[in-house]
Structure formats: structure tokens, C-alpha cells
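Secondary and tertiary structure notes
These are the residues of each chain, in order.
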Amino acid sequence: MVEVGEGSGSKPSEEIWAKLVPLDSRYSDIEISSDEFIICSEIRSSSIEKHDWCKISRNSDLCSATMLNKSSNTVLVDEAVVQNGDDIVIKCGSKIFPGPDTEGYLGYRFEVMPSQEICNKQLIKVNKISVDIEHAKCSICLNIWHDVVTVAPCLHNFCNGCFSEWLKRSQEKHSSVLCPQCRAVVQFVGRNHFLRNIEEDILEADSSLKRSDEEVALLDSYALIQSNLVVRSGKKLRRKRAYSPLDEESDGIDLPCPQCGTELGGFHCNQNTIHLQCHACGGMMPSRTDISVPQHCVGCDRAFCGSYWQAQRLTRSDFHPVCSRETFKPISDHTISRIPDAVHDKNRHEQDITQRCIIQMGRTLQDVISEWIAKLNNREIDRTRMPLNHAEMITSGTHVCNDCYDKLVSFLLYWFRISVPKYLLPPDASKREDCWYGYSCRTQHHSDEHARRRNHVCRPTRDFRGIQMQNQVRIGLRCHGKDYLCVQVLKAKYKLRQLVFKLGMVLQFEPSLTPGFLTSQALFLLLKRALTQIWPWWFRNY
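Residues numbered from 1 in each chain as written. Predicted model: local features only at pLDDT ≥ 70, side-chain atom pairs only at ≥ 80, totals over all residues. Heavy atoms only, no water.

1. Focus: the confidence of the model for the protein
Interpretation of this model should avoid reading the predicted coordinates in detail wherever pLDDT is low. Counted only if it meets this: Per residue, pLDDT captures the predictor's confidence, and it can take any value from 0 to 100. Residue contacts are defined here by distance: any two heavy atoms, one from each residue, within 4.5 Å place the two residues in contact.
Within the protein, residue pLDDT values average 75, and 72% of them lie at 70 or more. Within the model, the stretch residues 464-502 combines pLDDT values under 50 with 114 contacts to residues more than four positions away or in other chains. Residue range residues 534-542 is modelled with pLDDT below 50. Its contacts to residues more than four positions away, or to other chains, number 17 contacts.

This is the structure we're talking about:
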């Protein structure tokens, strides 16, 4: 099949702003230079008859487009099914197949041509400001920032990995750490989340500025700055007047942390020691990598000093604040007696139903959370939507702060609710229909009536544009009497062999799992009929 592009002639542009690159290098690119562009297909190379395949319209952000399916077949865009007459937003790198399958059809990759104008307009639209690309580059590696950090007081910005290496070498050779750009003495360094958003927008607008995966991995391995650091200088500032006894007294107590003046636990701070500021009490502690005591919350990467000073057997004093151990401890040591306000996206009706359900089952909230923490520890839960950093690293022994623990409780109570059969729910709750938008519904936050009448502890069946989402279904897998809610496959409109392939890949990765039940009985019967012909031992007991 040969694809030939034709412009519709609406709002022509002077430059080629995008192109479709065939995945088969034997075919030529389709260049797109109009704001609305119709792609046609020739069934035979000798035929003059052409059929409309799709229409690609340039979006206002100049970095994406909307593709309208004009063919009689379904079209695959990044594994999403697009029916005739439906549209979908495509971005740079999107893969498009003009048919219901990836085999037998020539696939294309959508690419947006890099342009300085596009980058500037993208930044103006998203961040309401205009940024020169040259001002968003690290002066050490001369590339766009990656995990940007800001140093003070000069406020220059660098890659986390680049400045971490600079910091390490400076402390080995010099008494003070100087800014790589202006040579001012650095007193403070921290991650800049606002500039990180700008960094991501720039790379999304111009993919040619992205680094390779190997370079990004190398930078991440160098990065040492997780939270705000206070950099201590070995040199004292010059003074225009002589020291007074009052100055000497104040200098005697002006120490960043207790270990700067006294050796505790075999450690004493030196002039090159980097200090962390506790997020809870504001006190200082040395940043140490030679101990096993955690100093950062895994869920939010913020620093907390309670566990560290407890390990050093230090108590709070008037000169050095030390936060309580209750602010930062392992997940298994946390206790809970009431449902946090953030549970179920702050929907008080859903929170009340969950509370009544727990009471009706004769259990306590702590019992339920302990049970689901054990399931989390055994990796029986899909962590995709866990609202914490480093989700795959979290276990029952992980140290987290109180805020992150509340987020974890919200995540676990969602799984608890969807695993409860309807007959165990309160009578008024079991009769409710699911909201189309599920937990993503925005109406539940401003319409109390809608929040009460519909169930929002469920997955969305429509996206924010109202388009029905029929391409995903959750499969439950059962192993040794336990239910594993952890697998997603693509639903009907794909061929059955693709379903079998997806499920087969999962079972190859986890060979101990065997399929036990499906939320869609019809799809389960289709899979069972196919799989009994291939692996009959799977269904021997079903």
C-alpha cells in the first residue's frame, strides 16, 4: 500500500511543520505543510482513485495535532483504537497504523519539525512566559537542564548531576564551593520544581534537544541533591570592624548542627560537610551516605531529622531543634484511627461509605490498612496510580512522613473499596451506578448531589472529552488462593491473538500466576476458548 499526502489548502503555512515517517525505510516521508492536511491511500499504484485515510489538523500549541479517522477501517494510534469519524490528539513520536492491526499495514511515526518559533509559543501558552533556549542551559554541560537545581545567593541554575559532581570536587580541593558560572560563594542549593516544568515543556516542544537515555541515566547516577542543602564555607567573611565580645559569644553558638561543635556517634562535621534542613522543624543535620539511617522520605524526597538524631541519641535543646520521631518513621510503625481527608479525592460521601463498610464487616481501619500494606509488601497491588515518588521501592519498612502516609492510606483504601463485593456495601451505596469518569470526575468536587448519587471509586469509562474508553479491561489473576489485581490487557476491537500475546507476556514474566477470573465475563470466555487450545493445563480446575 502506497500512501500519498495531499494538502487541503486551508491556512497554508510557509514551512513544513510536521511529517509522517514510514517505519519501513523503503518508503518516503509524507511532509505536512498545511494546517489541515488530508492523507490519501492508493489501493493500486496504477489507479487514479484515491481514498481518504485521515485528516491531520495542527493544534494551537504548534507542537501537536488532531488526527481524524476518515477511512472505513479502524486506525491504531499508540495502541489506541480510533474508529471511523473519531479523532485523537497525536504528539511527536506517536505511531500510527492505518488499520486494526500492526501487521500487514505500513506504520508511520508522527514527527514535529523543530522550530524556535514553536518552542517560544509553546512556552508562552503553557507557562505564560517567554524563555530564550540559551537561558535554559546548564553552563557546565551546555545542554538543557536535567533535574534542575538552583544555587544561592547568585540564583544560577544547573543540572543536578553536573552540580553534584562540581560540589564533590570543590569540597575535595577548596575550602569554599564557588558557583561554576559567576564564581560567587555558594551557601545553599536546592531543586527547582518550577524550572523543572519549564525544562519539560522545552523538551516537549523540541525533541531534538533531548539527551540520550544513556546520558540521562549517567546524570541521574551523579545526582546527590534530593532536598535543600546548606553548603558550609571554610572561609569567614571579612569584617570592616573588630570583633567584640558579643560577636565572639554569638559566633560560639552559631553552628549549623550539634555535630558541628561536638562529636556524636563517632562523627564530627568538618568545613566541607553538607547539611540538610529538616522539613518538619527547620533544624540542620549533616548529609551522610555512610550510614543506613534514612534522612529523606522516600515518598516526597524531603529531609527529616527525627530518625537521624534518635540514632545519635540526641534530644531537643534550645539551640538545636530536633523533630519528633512521629513525623518520620517506617510505614509499619504508623497507626491510623480515622480516614484522612484526602481519601477518595476528598469525596466525603465515598469516605462515609468506606467507613460504614469497614464497621459493617466488624473490622477497624487499622486492621484494613495493615492487611493491604501486607498485600503491598507482597507486590499483589498495581502501583501505577500510587501518588508517591519511587513507588516500586516502597515496602512496609520504608520510612515516610505523615503526609506521604496519608497518601498511601488513600491509595490502599481505593483498592480496598473496589475489591469489596457489592453485597457487602451499605444498601444505599450498592444501588448506585458508576460515574462515567470514575475517580477522575471533576463534578464530584463542586456538585454534592452528583457526588452522592454516583459511585466514584471506580475506573473511568470515558475521558475528559466524553469519548468512551473501551480499550482497557482489568484482569484479576489468582495464585495460591490470593487475588492479584495487577494486569491490564487490551479489550475487544483487537484481534484475539493480541490478547493472548499480551496475557502470555505477563505470565512469562510471572510464571507462578494462573488466570482465575475477569471483570468481563464475555472476554474471559473468549480467552478461555483460545487458551485451552494452547495451554490446557491453565484451565484444568476452572
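And the narrative resumes.
2. Regarding empty space enclosed by the protein
Heads up, the condition is: Cavity means a closed set of points on a 1 Å grid over the protein atoms alone, one where a 1.4 Å probe fits but cannot get out, pocket means an open set with protein on both sides within 12 Å along at least 5 of 7 lines, and lining means a residue has an atom within 4 Å of a point. Grid points are joined across faces, edges and corners, and a volume is the space filled by probe spheres set on the points. Residue polarity is assigned by list, with Asp, Glu, Lys and Arg as charged and Ala, Val, Leu, Ile, Met, Phe, Trp, Tyr, Cys and Pro as nonpolar; anything else, Gly included, falls into the polar class.
For the coordinates displayed, the defined rule picks out 3 cavities of 30 Å³ or more. Put simply, the second largest cavity is a space of about 40 Å³. Taken together, Cys 63, Cys 92, Val 112, Glu 204, Ala 205, Asp 206 and Ser 207 make up the full set of residues lining the second largest cavity. Per-class residue counts for the lining of the second largest cavity are 4 nonpolar, 1 polar and 2 charged.

3. Topic: the state of the cysteines
Rules: Working definition: a disulfide is two cysteine sulfur atoms within 2.5 Å of each other.
Within this structure, the stated rule accounts for 0 disulfides. Counting only cysteine sulfurs, Cys 159 is the nearest neighbor of Cys 141, a cysteine outside any disulfide, at a range of 3.7 Å. We note that Cys 441 lacks a disulfide partner, and the nearest cysteine sulfur, in Cys 435, lies 3.8 Å from it.

4. Remarks on helix α9 (residues 365-377)
Here is the rule: Numbering of helices and strands runs from the N terminus, with a helix taken as a DSSP run of H or I at least four residues long and a strand as a DSSP run of E at least two residues long. Here the expected length of a helix is defined as 1.5 Å per residue gap, with one fewer gap than residues. Between buried and exposed lies partly exposed: a residue is buried under 20% and exposed over 50% of the maximum accessible area for its type, with that area taken using a 1.4 Å probe on protein chains only. Arc definition: directions from the helix axis to the C-beta atoms.
Taking 1.5 Å of rise per residue, the 13 residues of α9 would be expected to cover 18 Å, and the 18 Å separating its terminal C-alpha atoms lies within 8% of that figure. Those residues of α9 not exposed but buried are Leu 365, Val 368, Ile 369, Trp 372, Ile 373 and Leu 376. Each buried residue of α9 lies within a common arc of 135 degrees when the element is viewed along its axis, so the set occupies one face.

5. Some details on the layout of surface pockets
Estimated volume of the second largest pocket: approximately 1,300 Å³. For the lining of the second largest pocket, the secondary-structure elements that each account for two or more residues are α2 (160-173), α3 (193-205) and β16 (274-277). With 6 residues, the top contributor of residues to the lining of the second largest pocket is α2.

6. Some words on the sheet that holds strand β7 (residues 75-77)
Filter applied, for reference: Strand pairing follows a simple DSSP-based rule, namely that at least 2 bridges must link the two strands. Here, axes are lines fitted to C-alpha atoms. For helices the fit covers the stretch in contact, and angles between N-to-C directions go from 0 to 180 degrees.
Strands sit in the order β3-β2-β11-β10-β7-β8 across an open sheet of 6 strands; the sheet is antiparallel. In the strand order of this sheet, the two ends are held by β3 (30-32) and β8 (80-82), each with one partner. Geometrically, the sheet is characterised by an average inter-axis angle of 25 degrees between neighbouring strands, direction not taken into account. Pairing of strand β2 (residues 18-22) with strand β11 (residues 108-112), which is carried by 5 bridges, proceeds in the antiparallel orientation. Residue Leu 20 lies in a different strand from β11, and its bridge partner there is Phe 110.

7. As for the packing of aromatic side chains
Selection criterion: Two aromatic rings from Phe, Tyr or Trp, using only the six-membered ring of Trp, form a pair when their centres are within 6.5 Å; if the ring planes differ by under 30 degrees the pair is stacked, by over 60 it is edge-to-face, and anything between is tilted. Charges are assigned to positions over rings by a cutoff of 6 Å between ring centre and Lys NZ or Arg CZ, combined with an angular limit of 35 degrees from the ring normal.
Counting across every chain of the model gives 7 aromatic pairs. Ring geometry for Trp 53 versus Tyr 108: centroids 5.7 Å apart, planes at 45 degrees, classification tilted. With Trp 53 in strand β5 (residues 50-58) and Tyr 108 in strand β11, this residue pair connects regions lying 55 residues apart in the sequence. Taken together, a centroid distance of 5.8 Å and an interplanar angle of 75 degrees make the contact between Tyr 414 and Trp 415 edge-to-face. Looking at Tyr 414, the relative accessible area reads 8%, which means it is buried. In this structure, Lys 375 packs its charged tip against the face of Trp 372, placed 4.1 Å from the ring centre.

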